[in-house]
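Residues per chain are reported as follows:
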Amino acid sequence: GAVVSQHPSWVICKSGTSVKIECRSLDFQATTMFWYRQFPKQSLMLMATSNEGSKATYEQGVEKDKFLINHASLTLSTLTVTSAHPEDSSFYICSAPPLSGANVLTFGAGSRLTVL
Amino acid sequence: DQQVKQNSPSLSVQEGRISILNCDYTNSMFDYFLWYKKYPAEGPTFLISISSIKDKNEDGRFTVFLNKSAKHLSLHIVPSQPGDSAVYFCAARASGTYKYIFGTGTRLKVLA
């Protein structure tokens, strides 16, 4: 089955620094990855769709310059939170679309970002 | 505009009884629905799905019902077990896409 690995699982950083989160598809190739964000006790909100070899597609209200997404290869997508502030503290989760013939998103384990 | 809603933020059920989690949606273009289970600080894990051409799908203790006319789906867990305690999200996607919209989640607590 499809396995998505996300790293780091937990990161604490100072305000104003940038943090990179990696999402890897371990046993399959993903031309697309989805990045979600979850605030405490809230829903998973789709932030953007990364596309291998082209620009990411951002959802309405998501700052492109704040959340840089790069899909460097068929197995790696990265989310960089630039100039992080405390309000960026959240749980970030990536997911890969279904494999051929399936309909289920496979999620990574998530990354908890805390900005001091 | 919340297209997928889970109006019950929490639910407590006695072990062995049935848990019923509800989900409502507004977009008639949604054609596929998923239920995920999530523990704190972990990614969601897939539970069960249903296509809009069906009204019921069953997998072991989990059954999902879909009422298209009411734009409502529900997840039944029977018998409920303490290990089922988690947050449950329903998710829906529009036909022809892989973009899923998630509900706000229901925290289920199964009491031993």
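The numbering scheme is per chain: residues are counted from 1 as the chain's sequence reads. Key to labels: chains lettered from A, ligands numbered from 1, both in the order written. The model is predicted, so local features are restricted to residues of pLDDT at least 70 and side-chain atom pairs to those at 80 or more, both for listing and for counting; the totals for chains, interfaces and linings are taken over all residues. Hydrogens and waters are ignored; side-chain quantities use all the structure's heavy atoms.

A. Seen up close, the state of the cysteines. When two cysteine sulfur atoms are found within 2.5 Å, that pair is recorded as a disulfide. Under the defined criterion, the tally for this structure stands at 2 disulfides over all chains. In this model A:Cys23 forms its disulfide with A:Cys94; the gap between the sulfur atoms is 2.0 Å. The S-S bond linking A:Cys23 to A:Cys94 shows a torsion near 80°; that makes this disulfide right-handed. Residue A:Cys23 is located in strand E3 (residues 19-25), and its partner A:Cys94 is located in strand E9 (residues 90-96); the two are separated by 71 residues in the primary sequence. Shown here is the disulfide that connects B:Cys23 with B:Cys90, its sulfur atoms set 1.9 Å apart. Here B:Cys23 and B:Cys90 share a disulfide; its torsion about the S-S bond, 70°, makes the bridge right-handed. With B:Cys23 in strand E3 (residues 19-25) and B:Cys90 in strand E9 (residues 86-94), this pair connects stretches of sequence that are 67 residues apart. Considered together, B:Cys23 and B:Cys90 belong to a single accessibility category, that of buried residues. Left unpaired, A:Cys13 is separated from the closest cysteine sulfur, that of A:Cys94, by 18 Å. For every residue, the accessible area obtained with a 1.4 Å probe (protein chains only) is divided by the maximum for its type, and the residue is called buried under 20%, exposed over 50%, and partly exposed between those limits. Exposure remark for A:Cys13: the relative accessible area of 9% places this residue in the buried category. Runs of E in the DSSP output that reach at least two residues are strands. Runs of H or I that reach at least four are helices, and both are numbered from the N terminus.

B. Structural context of unusual backbone geometry. Of note, the amide linkage connecting A:His7 to A:Pro8 takes the cis form, showing an omega dihedral of 0°. For the bond from B:Val78 to B:Pro79, the omega torsion is -10°, close enough to zero to count as cis. Residue position: B:Pro79 is located in the loop between strand E8 (72-77) and E9. In this structure, A:Ser83 takes a positive phi of about 45° despite not being glycine. By secondary structure assignment, the location of A:Ser83 is in the loop between strand E8 (76-81) and E9. Owing to a relative accessible area of 34%, A:Ser83 belongs among the partly exposed residues under this scheme. For B:Lys71, which is not glycine, the phi dihedral falls at a positive 55°. With respect to the element layout, B:Lys71 can be found in the loop between strand E7 (62-67) and E8. Classification of B:Lys71 by relative accessible area gives partly exposed; the value is 25%.

C. A look at the pattern of salt bridges. Residue and element names in this part refer to chain B. Any carboxyl oxygen of Asp or Glu that lies within 4 Å of a side-chain nitrogen of Lys or Arg is treated as forming a salt bridge with it. In the structure shown here, the tally under the stated rule is 6 salt bridges over all chains. As a salt-bridge pair, Lys56 and Glu58 come within 4.0 Å of each other at their nearest N and O atoms. Given a relative accessible area of 43%, Lys56 falls into the partly exposed group. Asp84 serves as the salt-bridge partner of Arg61, at 2.8 Å between the closest nitrogen and oxygen. Of the two residues, Arg61 is situated in the loop between strand E6 (56-59) and E7 and Asp84 in the loop between E8 and E9; the sequence distance between them amounts to 23 residues. The exposure class of Asp84 is buried, given its relative accessible area of 2%.

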